[in-house]
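# An overview of the molecular structure
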Number of protein chains: 2
Amino acid sequence: MQPQSPKYEQIAKEIRKRIREGVYQPKTAIPDQNTLADEFGVSRMTIKKALDGLTMEGLIYTRRGDGTYVLGDIPLKIDTNSPAEEHLGLTAELGHDRVTSKIIKFAIMFLTDELMTHLKLKKNEPVFDIIRLRLVNDKPYVLEHTYMPQKLMTDLNEQVLRHSIYSYLKENLNLKLSGAYRKIHADLSNDFDIQYLNCQAGDPILEVEQVAWLQDGTPFEYSFSRNRYNARSYTVLDISQPTA
Amino acid sequence: MQPQSPKYEQIAKEIRKRIREGVYQPKTAIPDQNTLADEFGVSRMTIKKALDGLTMEGLIYTRRGDGTYVLGDIPLKIDTNSPAEEHLGLTAELGHDRVTSKIIKFAIMFLTDELMTHLKLKKNEPVFDIIRLRLVNDKPYVLEHTYMPQKLMTDLNEQVLRHSIYSYLKENLNLKLSGAYRKIHADLSNDFDIQYLNCQAGDPILEVEQVAWLQDGTPFEYSFSRNRYNARSYTVLDISQPTA
DNA sequence: CAGTGGTCTAGACCACCCC
DNA sequence: GGGTGGTCTAGACCACTGT
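Residues numbered from 1 in each chain as written. Chains lettered and ligands numbered in written order. Predicted model: local features only at pLDDT ≥ 70, side-chain atom pairs only at ≥ 80, totals over all residues. Heavy atoms only, no water.

## A closer look at the pairing of strand S8 (residues 204-214) of chain A
Residue and element names in this part refer to chain A. Within S8, eleven of the eleven residues are buried, which leaves it mostly tucked inside the rest of the structure. Looking at chain direction, strand S7 (residues 177-188) and S8 are connected through eleven bridges and run antiparallel. Following the sheet pairing, Tyr181 is matched in S8 by Val211. Note that S8 and strand S9 (residues 219-228) share nine bridges and pair antiparallel. (Buried < 20%, exposed > 50% of the residue type's maximum accessible area, 1.4 Å probe, protein only. Helix = DSSP H or I, 4+ residues; strand = E, 2+ residues; numbered from the N terminus. Pairing = 2+ DSSP bridges.)

## Focus on the interface of chain A and chain B
A common measure of how large an interface is: the accessible area buried when the components associate. Contact with chain A, which involves 57 residues of that partner, is made by 57 residues of chain B. Note on chain A versus chain B: buried area summed over both sides is about 5000 Å², and carbon and sulfur give 57% of it. If you sort the residues of chain A by the area they bury against chain B, Leu76, Tyr181 and Asp238 of chain A come out on top, with a joint share of 16%. Joining chain A to chain B, the criterion identifies four salt bridges. The salt bridge involving Asp216 of chain A is made with Lys27 of chain B; its shortest N-O contact spans 3.8 Å. Between the two partners, chain A and chain B, sit 18 residue pairs in polar contact (both at pLDDT 80 or more). Elements represented by at least two residues in the side of chain A that touches chain B include exactly helix H3 (44-56), strand S2 (60-63), helix H4 (75-78), helix H6 (113-118), S7, S8 and strand S10 (234-239) of chain A. The greatest single-element share of the side of chain A that touches chain B, amounting to twelve residues, is contributed by S7 of chain A. Residues belonging to the side of chain A that touches chain B are distributed by class as follows: 23 nonpolar, 18 polar and 16 charged. Examined bridge by bridge, S10 of chain A and strand S7 (residues 177-188) of chain B share six bridges and lie antiparallel to one another. Looking at S7 of chain B, one finds that Tyr234 of chain A is bridged to Ile184 of chain B. (Contact = heavy atoms within 4.5 Å. Buried area = accessible area lost by both parts, 1.4 Å probe. Salt bridge = Lys/Arg side-chain N within 4 Å of Asp/Glu carboxyl O. Polar contact = N/O pair within 3.5 Å; in protein donor to acceptor, adjacent residues only side chain to side chain. Nonpolar A, V, L, I, M, F, W, Y, C, P; charged D, E, K, R; others polar.)

## A few points about the confidence of the model for chain A
Overall, the prediction assigns chain A a mean pLDDT of 87, with 89% of residues at 70 or greater. Contacts for the low-pLDDT stretch residues 80-86 of chain A, under 50 throughout, to residues beyond four places or in other chains number 16 contacts. (pLDDT = per-residue confidence, 0-100.)

## Some thoughts on the relation of the copies chain A and chain B
When chain A is fitted to chain B, the residual RMSD is 0.0 Å, and the transformation amounts to a turn of 180° plus an axial shift of 0.0 Å. Here the copies are linked by what is in effect a two-fold axis. The residues that chain A uses at the interface reappear at the interface of chain B in 96% of cases, marking a shared surface. (Least-squares fit on C-alpha atoms with pLDDT ≥ 70 in both.)

## What to know about the pattern of salt bridges
A complete count under the given rule lists 30 salt bridges over all chains for this structure. Close ionic contact of Arg226 of chain A with Asp193 of chain A constitutes a salt bridge, the shortest N to O distance being 2.7 Å. In this pair, Arg226 of chain A sits in strand S9 while Asp193 of chain A sits in helix H9 (residues 191-196), placing the two residues 33 residues apart along the sequence. Taking the relative accessible area as the measure of exposure, Arg226 of chain A reaches 9% and is therefore buried. Given a relative accessible area of 1%, Asp193 of chain A falls into the buried group. Glu125 of chain B is paired through a salt bridge with Lys151 of chain B; the nearest N and O atoms lie 3.0 Å apart. Taken together, the positions of Glu125 of chain B in the loop between helix H6 (113-118) and strand S5 (127-136) and Lys151 of chain B in the loop between strand S6 (139-149) and helix H7 (158-162) put the pair 26 residues apart, joining distant regions of the chain. Among the residues examined, Lys151 of chain B registers a relative accessible area of 55% and is labelled exposed.

## Comments concerning the packing of helix H1 (residues 7-20) of chain B against helix H3 (residues 44-56) of chain B
All names here are of chain B. Interaxial distance between H1 and H3 falls to 8 Å at its minimum, and their mutual angle equals 55°. As far as their axial angle goes, H3 and H1 are oblique. Where H1 crosses over H3, the handedness of that crossing is right-handed. Where H1 abuts H3, its residues Lys7, Tyr8, Ile11, Ala12, Ile15 and Arg16 lie against Thr46, Ile47, Lys49, Ala50, Leu51 and Leu54. Considering only residue class, the contact of H1 with H3 consists of eight nonpolar, one polar and three charged. (Axes fitted to C-alpha atoms, helices over the stretch in contact; angles between N-to-C directions. Parallel < 35°, antiparallel > 145°, perpendicular 65-115°, else oblique. Left-handed = near helix turned anticlockwise from the far one by under 90°.)

## Considering the protein's contact with DNA strand D
In the vicinity of DNA strand D, 25 residues are found, and the nearest of them are Lys7, Tyr8 and Thr46 of chain A together with Arg44 and Lys48 of chain B. Of all DNA strand D atoms lying within 4 Å of any protein atom, the proportion belonging to sugar or phosphate reaches 68%. Gln33 of chain B is positioned such that a nitrogen or oxygen atom in its backbone is 3.0 Å from a phosphate oxygen of DNA strand D. Take Gly65 of chain B: an N or O atom from its main chain is 2.8 Å from a base nitrogen of DNA strand D. Elements supplying a minimum of two residues to the surface near DNA strand D: helix H1 (7-20) and H3 of chain A together with H3, strand S2 (60-63) and strand S3 (67-70) of chain B. It is H3 of chain A that provides the largest number of residues to the surface near DNA strand D, a total of four residues. Per-class residue counts for the surface near DNA strand D are five nonpolar, nine polar and eleven charged. (Near = heavy atom within 4 Å.)

See the structure below:
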């Protein structure tokens, strides 16, 4: 019991566990909110908040006037490799030791109009222009082209790039990213892709174009991640609001 | 003022409007929760719930001990054509009169193992096997291959397919979809794509593979939507939880 | 009708930020 | 310190579902 996490989180965690272990079975009702409030010794509002979270995760659903039910597994989701819900970077996603990086470009450039818009910078402000090939178990995985404002990270160096930019941000600069907007495209492989990703001319590429920002909305990254088309897919869970 | 929508929704709507109209400016603080509670004549919890929604939409951010601030526009988001957040179908997304459909296949088939898993059906249960070319302003837009359990929609017909399956579900069967899980791939165009989407041999395709389900978790659609690579992109807004 | 979840209140305490 | 947002309570009323 960590007292640092709020009660509704602890309760959500416990209910998640009961669902996972089959105490609460798919398509059946779980105890009503008053019963749960008694069991956990909290008010009903707190139970409600815990259940709201689980609803957003697609684990349960509620019917006003009826009850709260467990939703079965989502078929496509089971055999999916990368959740990709969090944008914590490749290192966090796949584990520390398996991911390495080959630095292809590490330069400072000045602004094009497009970068000015996406990074919300003024003319003549310098940005890092970084191209890295990320390898998983020494096999080429993704080609990442990243632009970051120089003023936010003055002592960025090659050592950092070889590991993880995100952990550098978090541990050295105490910056946390808080949001990202992504556009997923399909594209034709270019010479760069062919050279570094070991793909054939004409192979399709899955490209994720991303703007990521800090809590106050300051953009700190504009990037393109290019994968061979059969190496990765991007997954999304979308739960509708019953209010709409 | 619609009394049918909860107070926190109405308040969220009003604050959204103030942000849009510049009453609350980007990067500046909005009034604190107590002040807003007084202004709207509600309790602070209700204000909090309204603000939580706006936080999830990426409009504001809160700092404990400090205040609530307006987040500026998200650059990439501005010039994006299709929000694609809601999976209400193409007709709802683009307007009623512009979308037409050419029916390429409309058959009933029995289950493959893959469909059995994705639609959670038992052996020998029939499913509709539908292929439609959706056109926007008479131009080929997306090739949709859809599988649906027959038992859920017994009187599905060609007339429905020519318009919108989703509005048929909603209006005739009173079924609402409540969630979807998607995998976005890049793929090589196949003969079908070349024939119907007017693309060249070797063109990449953006494919969205989707399982969609009703409120109780019953899957009612497993589909593949294939777009020409330069015709559409898929967009995602991802807001991190500060709890994590 | 009884029982359920959805909303809302008035107040409380705490963690946190800035001065 | 004083002011902020995050959590939590005990109770209330309502909307809705089943019977």
